[in-house]
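Below are the chains, spelled out letter by letter.
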Amino acid sequence: MIIIVKNHPYRYDMENISTIFFPYEKIKIYENFCPDDDSVTVITEISGDILTVDASVYDKHKTESCTADKNTDRQNALSVLLYNVLSEILGITYPWGLLYGVRPARRMHALTDNFSETDAKRIFKEKYLVNEEKTNLTVFVMHSENKIIALSDDRSFSLYVSIPFCPTRCSYCSFVSHSIENTVKLVEPYVELLIKEIEETGKYAKRLGLKLETVYFGGGTPTTLSAEHLTRLFAAVENNFDLSTLREYTVEAGRPDTVTKEKLLALKAAGISRISINPQTFNDDVLRIIGRQHSAKETIKAFNLARECGFDNINMDFIAGLPGESIKSFENSLNKGLELGAESITVHTLSFKSGAYMATREAAFDSSPKKIVANMVDYSNRALTQNGYHPYYMYRQGKSLGNLENVGWCKEGFDCLYNVFMMDETHTVLSVGAGAVIKLKNQQTGKIERIYNYKYPYEYIDRFDEILNRKHSINVFYNEYNLEQ
């Protein structure tokens, strides 16, 4: 796909709105002139007071213009024009309209800081073309998140521990995770160095007088590790951080084929208060398609075993739009999660990996997959609401099927605090492990600085000293802004 930008600075908006309609396309952007040809070409132009979008999609073509005056928000007006032209050519509208941000609730919050809630909702619908249902969902999530955000203060922080190993790699996965059978020799040295990094990171938290609110073990699948490895890591956290202020301790036991009684008891002994057991689907055929080596029955067995071991705060993840999943089988999967009584259920929308699909005319004009996944998401919203769950956090990914959202739902009192703190960027997150990203937040200015660890386990092991050296930036950040205790 080619986008030609003439006489305006809004190329970022033009690209993101185009991606909503063409998630399969590789997009090239040119200023004023394009030397190439493409079957999908969009020209966006501002000439004086005239805004114009001219779009050709294979054998279909449309041009629309509008006139701007001195009060016109030209960035928004051109965005709406582009959205409307592509919508008419392709015969589809999206419930989120032209909104492409990751955090809709934060945008709503920013609006309510300056306008009434009624006016903020109107702006969502009229300016961003978001429909009534998604606007109301955003408002509900905003209020839920605000209650959790209020728990954090200037000294608060969270700890994230990355375990980048899984039994197998799922076909849809975009996270840093590696098949354990291919990387088993890395596990022991990885755990040893991770403990050292936990020790060093704890020194910074102690010296700066930070208050630990939540701990989250993610990945990958942390329970890919043995019970002995997990116990060593939990001990390292307990020995190097003050857990007296801890509100929540989560470990993802996401893959049911990694869950054993020995590991669950190790988690329980360490005081883990929340776990995830993630079926993604209860359809065995779909599980095989996506590369999972467990059955739906194994998921139920793992869930019941966790209950027997005393876990009373269990999350389950489901993905709308998995290959081979019908609306009916998705509904059956979600209903099974409700039947089991998971305290929280997170509904994700399948997000495309780059290069995963061919860009074709058929793909461009076939809206049926997007409508199917929209029906799945709509069903989950109705079913979860009717069963006493409320949406407590939400985020959106680029190239998600139907440009839809990911929402965490929970029963009253079972909101995952870490998810909200992380998504809102409420406070500092000290992260350890391969692929981890430390986020340092200045509470006075809102400024965030990031410190990156090496992405892959072998890099993490080979260049561990450099990872420790990078942590000196924590002191620099807090010293620069006089944020020390």
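Up top is the structure these notes are about.
Every value quoted in this text rests on a predicted model; they were computed, and no experiment measured them.

### Notes on the overall build of the chain
Then step 1. Within the chain one finds 17 helices and 18 strands.
Then step 2. In terms of overall dimensions, the chain is globule-like: its C-alpha atoms have a radius of gyration of 24 Å, near the 23 Å expected for 485 residues.
Then step 3. Overall, the chain is about 65 × 55 × 45 Å in size when its C-alpha atoms are taken along their principal axes.
Then step 4. Sequence-distant contacts, at least 24 apart, represent 73% of the contacts inside the chain between residues at least 6 apart.
Then step 5. With the model as given, the accessible surface of the chain reaches about 20700 Å², and the carbon-plus-sulfur share is 48%.
Then step 6. Between the averaged position of the 55 positive side-chain charges in the chain and that of its 63 negative side-chain charges there is a distance of 1 Å.

### Some points on the nonpolar core
Then step 1. One finds Phe 21 and Phe 217 to be the most contacted residues of the largest nonpolar core, which totals 128 residues.
Then step 2. When residues of this core are assigned to their parent elements, the largest contribution, ten residues, is made by helix α2 (residues 74-90).
Then step 3. Apart from the residues lying within four places of it in its own chain, the contact partners of Phe 21 are Tyr 83, Leu 86, Ser 87, Leu 90, Ile 92, Tyr 94 and Lys 370.
Then step 4. Within the second largest apolar cluster, 15 residues are counted, among which are Tyr 216, Tyr 393, Leu 417 and Phe 421.

### Remarks on the sheet that holds strand β3 (residues 40-47)
Then step 1. Read across the open sheet, the five strands follow the order β2-β1-β3-β4-β5; overall the sheet is mixed. The open sheet has two free edges, formed respectively by β2 (28-31) and β5 (60-67), since each of these has just one partner strand. When the angles between neighbouring strand axes are averaged without regard to direction, this sheet yields 10°.
Then step 2. Bridge analysis of strand β1 (residues 2-6) against β3 gives five bridges, and the strand direction is parallel. Bridging from a neighbouring strand, Ile 4 pairs with Ile 43 of β3.

### As for empty space enclosed by the protein
Then step 1. In the structure shown here, the tally under the stated rule is four cavities of 30 Å³ or more.
Then step 2. Roughly 60 Å³ of volume is contained in the largest cavity.
Then step 3. Lining the largest cavity we find ten residues, and of these Phe 21, Phe 22, Tyr 24, Ala 363 and Ala 364 sit closest to its centre.
Then step 4. Across the lining of the largest cavity, the residue classes break down as seven nonpolar, one polar and two charged.
Then step 5. As a volume, the second largest cavity reaches approximately 40 Å³.
Then step 6. Taken together, Phe 421, Met 422, Glu 425, His 427, Thr 428, Val 429, Lys 439, Leu 440, Lys 441 and Ile 448 form the lining of the second largest cavity.

### Overview of the packing of helix α11 (residues 327-340) against helix α13 (residues 368-386)
Then step 1. The contact between α11 and α13 brings their axes to 10 Å, and the two run at 25°. Comparing the axis directions of α11 and α13 gives the class roughly parallel. Relative to α13, the crossing made by α11 is right-handed. Between α11 and α13, the residues in contact are Ile 327, Phe 330, Glu 331, Leu 334, Asn 335 and Leu 338 and Ile 372, Asn 375, Met 376, Tyr 379, Ser 380, Ala 383 and Leu 384, respectively.
Then step 2. Across the contact of α11 with α13, the residue classes tally to nine nonpolar, three polar and one charged.

Scoring rules and cut-offs
Residues numbered from 1 in each chain as written. Predicted model: local features only at pLDDT ≥ 70, side-chain atom pairs only at ≥ 80, totals over all residues. Heavy atoms only, no water. Helix = DSSP H or I, 4+ residues; strand = E, 2+ residues; numbered from the N terminus. Rg over C-alpha atoms; globule rule 2.2 N^0.38 Å. Contact = heavy atoms within 4.5 Å. Areas by Shrake-Rupley, 256 points an atom, 1.4 Å probe, with all protein chains shown as cover. Lys, Arg positive; Asp, Glu negative; His and termini not counted. Charge placed at Lys NZ, Arg CZ, Asp CG, Glu CD. Core = buried A, V, L, I, M, F, W, Y, C linked by side-chain atoms within 4.5 Å. Buried < 20%, exposed > 50% of the residue type's maximum accessible area, 1.4 Å probe, protein only. Pairing = 2+ DSSP bridges. Axes fitted to C-alpha atoms, helices over the stretch in contact; angles between N-to-C directions. 1 Å grid on protein atoms, 1.4 Å probe; cavity = no way out; pocket = protein on both sides within 12 Å on 5 of 7 lines; lining within 4 Å. Points joined across faces, edges and corners; volume = space filled by probe spheres on them. Nonpolar A, V, L, I, M, F, W, Y, C, P; charged D, E, K, R; others polar. Parallel < 35°, antiparallel > 145°, perpendicular 65-115°, else oblique. Left-handed = near helix turned anticlockwise from the far one by under 90°.

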